[in-house]
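Residue-level structure breakdown
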Amino acid sequence: NASDLKSVQAYLQKHQVTPNASYTGVAKGKNVLIIHLESFQQFLIDYKWKGKEVTPNLNKLYHQSDTLSFDNFFNQVGQGKTSDAELMLENSLYGLSSGSAMSSYGTANTFEAAPAILGQDGYTTAVMHGGEGSFWNRNNAYKQFGYQYFMPLSYYVNKKSYYIGYGLKDKIFFSQSIKYIERLPQPFYLKMITVTNHYPYELDKKNQSISKTDTGDSTVDGYVQTAHYLDQAIGELMSYLKKTGLEKNTMIVLYGDHYGISGNHHKAMAQLLDKKGYNDFDNLQQQRVPLMIHMPGLKGGINHTYGGEIDVLPTIMNLLGYNDTNTIQFGHDLLATNREQLVVQRNGDFVTPKYSKVTGTYYYTKTGKKVKNPSKKVKEELASLSNQVTTQLSLSDRVIRGNLLRFYHPSWFKPVNAKDYNYQKKIA
Ligand code: GP9
Ligand code: MN
């Protein structure tokens, strides 16, 4: 009920972090293009296989001076995988401890998501995805998020040779999307969801332009190949954006949604990363995924702050000039100077620059050594971090399970009415 919302607000108020004022509004009025890099882990950045860069286009973006790149950015998804990442990125709320929040609560819940906020401020909002519209309940949840347009597979020409795994191959998806991008009134907020770099990492011969790795683990070895293909697709999209001049007035946000290699492949991962051993601690560290924010003129560089998907919305909103801190968002501006760098994992694990908790065991993040015989002070520190993790997750769960945002009425926001949106029709 409404008083539950009060306790959530009290907690968020207490843990408020002031956004970085020197970045406030630097992207005001720009188009926003969110590019979802399916199953893309941070280790692929600058990774070489047989002397060849696996993702040269993304590497280039990563190192450009007008890209803000993050190298301690973690995925925080649970069983909802892609959908959890989407939910976190656009709402700054955690997924649930089991199942997918977008599937279970996406149809009926009230949200105050990025597309709704921007849509009420003159933005055109759209999602493009070369897969089935009903997957993860997107066709309903996107309405609650306030997306005006959703172009799933039915908007694209589909042929047997175009499609692999969960949808259109990324290059085909991007190239067919152009005609829709061109019809979006600007400024737009557009999310494009790729899919080819998804388990089981299959690719037709014609598109294989780097060899598979040779760990012998068949689940793992195709990963660099589909990642390479995704990277080429990004390269093609980037050259379109450059050629048309669209790049100049667009803030591009690229992120990896979650791991590609699950925690059941320690041996193969040790081989890929050229490490002697690989344990659950290492697996947690490999939950790092890319986050890059690129915009001509942006003061970029590689930022080492520890953060995760929950923090993207506050970061982007500050860049766009919305710096209201009285929001029901669990993340904090990644550029804020006084952030508490506690990265929550959905299973209760966490990472900070100093400590990592993995299935009940504490490690030092820098060395990977177990914390042995902690002093009273360290014990208290660890207990307090663990507590905060549990509190944050349970408060976020309350927001979703209790549909608490229906009680929250900030002056700057009109409630979304899903009936206003119809994804059957095409843009006129
Ligand atoms: C399908 C795609 C896959 O549309 O987003 O979702 P995932 O299996 O990665 O959660
Ligand atoms: Mn995914």
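Now for a look at the structure at hand. (Residues numbered from 1 in each chain as written. Chains lettered and ligands numbered in written order. Predicted model: local features only at pLDDT ≥ 70, side-chain atom pairs only at ≥ 80, totals over all residues. Heavy atoms only, no water.)

Attention now goes to helix H1 (residues 2-14). Over its 13 residues, H1 runs 19 Å from end to end, which matches the ideal 18 Å to within 8%, given 1.5 Å per residue. Buried within H1 are the following residues: Leu5, Val8, Gln9, Tyr11 and Leu12. Down the axis of H1, the smallest arc covering the buried residues is 160°, so these residues share one side. Of the exposed residues in H1, those oriented more than 90 degrees away from the buried face are Lys6 and Lys14. Check the buried side of H1 and you find it contacts helix H12 (376-401). (Helix = DSSP H or I, 4+ residues; strand = E, 2+ residues; numbered from the N terminus. Expected span 1.5 Å × (residues − 1). Buried < 20%, exposed > 50% of the residue type's maximum accessible area, 1.4 Å probe, protein only. Arc of directions from axis to C-beta. Contact = heavy atoms within 4.5 Å.)

An order of E15-E16-E17-E18 is seen for the 4 strands of this open sheet, with the pairing classed as antiparallel. Taken across any chain shown, the strands that pair with only one partner, and hence form the sheet edges, are strand E15 (343-344) and strand E18 (361-364). Sitting on the sheet, H12 is in contact with E15, strand E16 (350-351), strand E17 (355-358) and E18, with an inclination near 60° to E17. (Pairing = 2+ DSSP bridges. Axes fitted to C-alpha atoms, helices over the stretch in contact; angles between N-to-C directions.)

What follows covers the coordination of the manganese ion (ligand 2). Donor atoms from the polypeptide that bind the manganese ion (ligand 2) are Glu38 (OE), Glu38 (OE), Thr82 (OG1), Asp257 (OD) and His258 (NE2), placed at 2.0 to 2.7 Å. The site at the manganese ion (ligand 2) holds 6 donor atoms, and with the angles between them running 52 to 168°, its shape is irregular. As a motif over one chain, the donors of the manganese ion (ligand 2) read E-x43-T-x174-D-H. Of this pair, glutamate 38 sits in the loop between strand E1 (31-37) and strand E2 (48-49) while aspartate 257 sits in the loop between strand E11 (250-256) and helix H9 (266-272), placing them 219 residues apart in sequence. Glutamate 38 sits in the buried class, given a relative accessible area of 2%. (Donors = N, O, S within 2.8 Å, 3.2 Å for Na, K, Ca; no water. Tetrahedral: all angles 85-135°; square planar, octahedral: opposite > 155°, others 65-115°.)

This part is about empty space enclosed by the protein. Evaluated as defined, the whole model comprises 3 cavities of 30 Å³ or more. Size it by volume and the largest cavity reaches roughly 70 Å³. Residue composition of the lining of the largest cavity, grouped by class: 5 nonpolar, 3 polar and 1 charged. Its boundaries defined by the atoms lining it, the second largest cavity holds a volume of some 60 Å³. Looking at the lining of the second largest cavity residue by residue, the class counts come to 6 nonpolar, 3 polar and 1 charged. (1 Å grid on protein atoms, 1.4 Å probe; cavity = no way out; pocket = protein on both sides within 12 Å on 5 of 7 lines; lining within 4 Å. Points joined across faces, edges and corners; volume = space filled by probe spheres on them. Nonpolar A, V, L, I, M, F, W, Y, C, P; charged D, E, K, R; others polar.)

On to the pairing of strand E10 (residues 188-193). Consecutive side chains of a regular strand alternate in pointing toward one face of the sheet and then the other. Burial runs high along E10: 6 of the 6 residues are buried. Neither face of E10 is exposed, since Phe188, Leu190 and Met192 on one face and Tyr189, Lys191 and Ile193 on the opposite face are all buried. Alignment of E1 against E10, held across 5 bridges, turns out to be parallel. Following the sheet pairing, valine 32 is matched in E10 by tyrosine 189. The pairing of strand E6 (residues 124-129) with E10 spans 6 bridges and is classified as parallel. Following the sheet pairing, threonine 125 is matched in E10 by tyrosine 189.

Moving on to the nonpolar core. If you look at the biggest cluster of nonpolar residues, it comprises 76 residues, and the most contacted ones within it are Tyr142, Met251 and Phe330. Looking at this core, the element that brings in the most residues is H12, giving 8 residues. (Core = buried A, V, L, I, M, F, W, Y, C linked by side-chain atoms within 4.5 Å.)

Now for the pattern of salt bridges. Tallied over the entire structure, the rule returns 12 salt bridges. Lysine 191 is paired through a salt bridge with glutamate 90; the nearest N and O atoms lie 2.9 Å apart. Pair noted here: lysine 191 is in strand E10 and glutamate 90 is in helix H3 (residues 81-91), with a separation of 101 residues, a long-range link. Each member of the pair, lysine 191 as well as glutamate 90, carries the same accessibility label: buried. Across the salt bridge formed by aspartate 397 and arginine 346, the nearest N and O atoms sit 2.8 Å from each other. Separated by 51 residues along the polypeptide, aspartate 397 in helix H12 and arginine 346 in the loop between E15 and E16 bring together distant segments of the chain. Within the structure, one salt-bridge network assembled from shared partners comprises Glu86, Glu90, Arg138 and Lys191. (Salt bridge = Lys/Arg side-chain N within 4 Å of Asp/Glu carboxyl O.)

A few words on the site of ligand 1. With respect to spatial proximity, the complete set of residues near ligand 1 consists of Glu38, Lys81, Thr82, His129, Phe135, Trp136, Arg138, His198 and His258. Interatomic distance of 2.7 Å between a side-chain N/O atom of histidine 198 and an oxygen atom of ligand 1. Calculation on ligand 1 without its partners gives an accessible area of 310 Å², and the protein chains cover 96% of this total. Here the shell around ligand 1 is composed, by residue class, of 2 nonpolar, 4 polar and 3 charged. (Near = heavy atom within 4 Å. Polar contact = N/O pair within 3.5 Å; in protein donor to acceptor, adjacent residues only side chain to side chain. Areas by Shrake-Rupley, 256 points an atom, 1.4 Å probe, with all protein chains shown as cover.)

Attention now goes to the packing of aromatic side chains. If you walk through the whole model with that rule in mind, you get 22 aromatic pairs. With a centroid separation of 6.4 Å and 50° between ring planes, the pair formed by tyrosine 142 and phenylalanine 145 is classed as tilted. Accessibility assignment for this pair places tyrosine 142 and phenylalanine 145 in one class, buried. Their ring planes at 35° and their centres at 5.3 Å tell us that phenylalanine 173 and phenylalanine 174 sit as a pair that is tilted. One exposure class covers both phenylalanine 173 and phenylalanine 174, and it is buried. Connected via pairs of aromatic rings, a cluster forms that spans Phe111, Tyr142, Phe145, Tyr147, Phe150, Tyr189 and Tyr423. The positively charged end of lysine 143 is found above the aromatic ring belonging to tyrosine 423, 5.3 Å away from the centroid. (Phe/Tyr/Trp six-rings, centres within 6.5 Å; stacked < 30°, edge-to-face > 60°. Lys NZ or Arg CZ within 6 Å of the ring centre and 35° of its normal.)

A few words on helix H8 (residues 223-244). One turn of an α-helix holds 3.6 residues; hence residues three or four places apart share an orientation. Given a rise of 1.5 Å per residue, 22 residues ought to cover 32 Å, and the 32 Å separating the end C-alpha atoms of H8 matches this to within 8%. Among the 22 residues of H8, 16 are classified as buried, and the element is accordingly described as predominantly covered. Note on H8: the residue one or two positions beyond its end, glycine 245, has a positive phi of about 80°.

Distances and angles like these do not, on their own, reveal function.
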